[in-house]
Amino acid sequence: MDTPWKRRRQAVTDTLEDQSALFLFSGQAKQKTLDQDFPFSVNRNFYYLTGLDEPDYILMAAKLGGEVKETLFLPRPDPYLELYHGKMPTAEDIQARTGVDAAFYLDKLDWELGRLFSRNYFEHLYMDFHKRELNTDAYPEHDMARRITQAHPYLRLHSIARTIDNLRRVKDEEELHCIREAIRITGLGIESILRHMAPGVGEGQLQAYFEFELKYNGAMGNAFYPIIAAGANSVNLHYERNNQLLKAGDVLLLDLGAEYGYYSADISRTFPVSGAFTSRQRYYYDAVLAAQQAIADALRPGLPVDDTVEIARDKLFEYCVQDGLTKERKDMERLLPHGVCHYMGLDTHDVGDRNLLQPGMVLTMEPGIYLREEGLGIRIEDDALITANGCEVLSKQILKTPEEIEVFVKSIQQE
C-alpha cells in the first residue's frame, strides 16, 4: 500500500543507523476542567508520518540488519468510552489504514518491547525530542527514553526531530492541496471581515465573522489566534486582545489564517476603516507593497531565506528617505523589526533549518512598517511556493492592491 505517510516514514527510516529503534508519540490530552480536556492537538511530526490524529498513539520502527519493521500501539477499544465518544478504532483498522507491519494495544506495550529488546541487539535509540522548555515531565518520549536506557544503558540516544523537520520543508502534492484550500478559505474569511468593517464595529465582532466563514467552509478553525488590530493597535506585532472599536480614519491590520487538514494559511492585510486610504496611509501601503514585490522577485532556489528581510528593508528605505522619515539605513531595523519570510505547513511557523530555498518549499512574504508615534502599522503577507525558477504566489486571489480594496469596500457601502 503506497500512501504519502508510508513514503515519508521510509524517508525517515532510510536515515537511521542500523540496529536502531525509533519512537514517536501522538501526544496526550490535557485536562481543562474536572470533566473536560482541552481540544487535542496531535504532535505534528507524528501526524506527518502516520496521518493519525488521536491521543495516546505510539509509532515504533525497528531497523535490524537493514530491514525495517513498523509497529503502532493504540488504546484498546473501551465500550464505556465508546458510549460517550463514539466507536474507537481497532488495531486491525489502524494497521490497514496506515500500512504498518503490526498494530497492538497499549496494554501489550511493555511485553512487546521486552520481547523485542531481549531477542535483538540494538545500538541506537531515536526519539522526537522537540520541546522548547526544560521541564520534560509531561512528555512521553522523555519517559520512554528514560525507561529504555535505564534497562539498556549501552544504547546511544539520538533525536530524530531535525531529520523530520527538514523533510517537512518540501511539500508534496497532498500537502499543497491542503495549503491551497486553507488559503482559499482564509480569503473568504477576509472578505467577510471587509463586508462588516465600519467605524464603531468591534475587533472581536470581525473575528466572529471570520471564524464563522472558516467553519462554514470546511476549515478546522484558526491556524493561530487571529490578529485583528485597529488604529494604534496595528503597531503591536502580535496584538491579540481584539476588544477595541474601529474608528473612522484608522487602518485595520489583519494577520490570520485557516487550518485545513492540519495545514496552515498565514495572510496579512491592512485596510482603511473608512473605505479609502489617506494620502499618508496610501504612501506607506505602497511602500510595503513594493517591498513585498521585491521579495517575490528574489525568491528562487538557492536564495538564503534570511536574506529576504534585508531585501525588504532596502526597498522600504527608499520610500522612507523620499518621505523624509529617516536618512539612516540602520533605522529600518526599528521600522521593520521582524523577519519577513518563514516556512509554512503543519505549523504556521514551520520547522526545518533556515538555509537555501528549494523547489517545493512554502513560505510567507510578510514585510511591514510601523510608525509608532503615529499609531500606524501596515503589514502585507502572502504565501508563496518555491518553483524551479522562482515562486508562485498562492494567495494572489485575496484582495491586496489599494484600488481593489477601495472598489470592493465602496461596492459594499452602496449595497
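Use the structure listed above.
Scope of this entry: the structure provided in the associated data block. Just so we're clear, the structure is a prediction, and the values are computed from it rather than from any experiment.

## Points about the pattern of salt bridges
Here is step 1: For the structure shown, the criterion picks out 29 salt bridges.
Here is step 2: Two residues, R162 and D353, come together in a salt bridge whose shortest N-O distance is 2.8 Å. Here the residue R162 occupies a position in helix α7 (residues 161-168), and D353 occupies one in the loop between α12 (332-335) and β15 (362-365), the gap between them amounting to 191 residues.
Here is step 3: A salt bridge links D350 to R168; the nearest nitrogen and oxygen atoms lie 2.7 Å apart. Here D350, found in the loop between α12 and β15, pairs with R168, found in helix α7; they are 182 residues apart in sequence, far enough to count as distant.
Here is step 4: Among the charged side chains, a network of salt bridges with common partners joins R168, K171, D347 and D350.

## Brief notes about the packing of aromatic side chains
Here is step 1: Going through the model one piece at a time under the given rule, you end up with nine aromatic pairs.
Here is step 2: An angle of 40 degrees between the planes, with centres 4.7 Å apart, marks the rings of F117 and F122 as tilted.
Here is step 3: Residue class for F117 comes out buried when judged on its relative accessible area of 7%.
Here is step 4: On the numbers, 5.4 Å between centres and 20 degrees between planes, the contact of F212 with Y216 is stacked. Of the two residues, F212 and Y216 are both situated in helix α9 (residues 203-216); the distance of four residues between them amounts to about one turn of the helix. Considered together, F212 and Y216 belong to a single accessibility category, that of exposed residues.
Here is step 5: These aromatic residues form a ring-pair network of at least three members: Y283, Y284 and Y319.

## Examining the state of the cysteines
Here is step 1: Per the counting criterion, the structure on display carries zero disulfides.
Here is step 2: Not part of a disulfide, C320 finds its nearest cysteine sulfur in C341, a span of 19 Å.
Here is step 3: Residue C320 is classed as buried on the basis of its relative accessible area, which comes to 0%.
Here is step 4: In this structure C391 is a free cysteine whose sulfur lies 9.2 Å from that of C341, the closest cysteine sulfur available.

## With respect to the side chain of D165
Here is step 1: When you line up the elements, D165 lands in helix α7.
Here is step 2: One buried charged side chain, D165, makes no salt bridge at all; its nearest oppositely charged neighbour is R168, positioned 4.3 Å away.
Here is step 3: Beyond its immediate chain neighbours, meaning those up to four positions away, D165 contacts N45, V351 and G352.

## Details of the pairing of strand β14 (residues 267-272)
Here is step 1: Among the six residues that make up β14, six are buried, leaving the element largely enclosed by the rest of the structure.
Here is step 2: Taking every second residue as pointing to the same face, both faces of β14 are buried, with I267, R269 and F271 on one and S268, T270 and P272 on the other.
Here is step 3: Pairing of strand β11 (residues 251-256) with β14 involves six bridges; the strand directions are antiparallel. For V251, the partnering residue across the bridge sits in β14 and is P272.

## Some thoughts on the nonpolar core
Here is step 1: The biggest cluster of nonpolar side chains holds 98 residues, and the ones touching the most others in it are L252, L299 and L357.
Here is step 2: For L252, the contacting residues outside a window of four places in its chain are I193, M197, L206, I228, A229, A230, L246, R269, T270, F271 and V273.
Here is step 3: Of all hydrophobic cores here, the second largest spans 18 residues; its members include A21, F23, I58 and M144.

## Digging into the side chain of S234
Here is step 1: Here S234 lies in the loop between β10 (227-230) and β11.
Here is step 2: Side-chain polar atoms of S234 contact the backbone nitrogen of G377, separated by 2.8 Å.
Here is step 3: Setting aside anything within four residues of it in sequence, one finds S234 in contact with A229, V251, L253, Y370, G375, L376 and G377.

Reading guide: rules and limits
Residues numbered from 1 in each chain as written. Predicted model: local features only at pLDDT ≥ 70, side-chain atom pairs only at ≥ 80, totals over all residues. Heavy atoms only, no water. Salt bridge = Lys/Arg side-chain N within 4 Å of Asp/Glu carboxyl O. Helix = DSSP H or I, 4+ residues; strand = E, 2+ residues; numbered from the N terminus. Phe/Tyr/Trp six-rings, centres within 6.5 Å; stacked < 30°, edge-to-face > 60°. Buried < 20%, exposed > 50% of the residue type's maximum accessible area, 1.4 Å probe, protein only. Disulfide = S-S within 2.5 Å. Lys, Arg positive; Asp, Glu negative; His and termini not counted. Contact = heavy atoms within 4.5 Å. Pairing = 2+ DSSP bridges. Core = buried A, V, L, I, M, F, W, Y, C linked by side-chain atoms within 4.5 Å. Polar contact = N/O pair within 3.5 Å; in protein donor to acceptor, adjacent residues only side chain to side chain.

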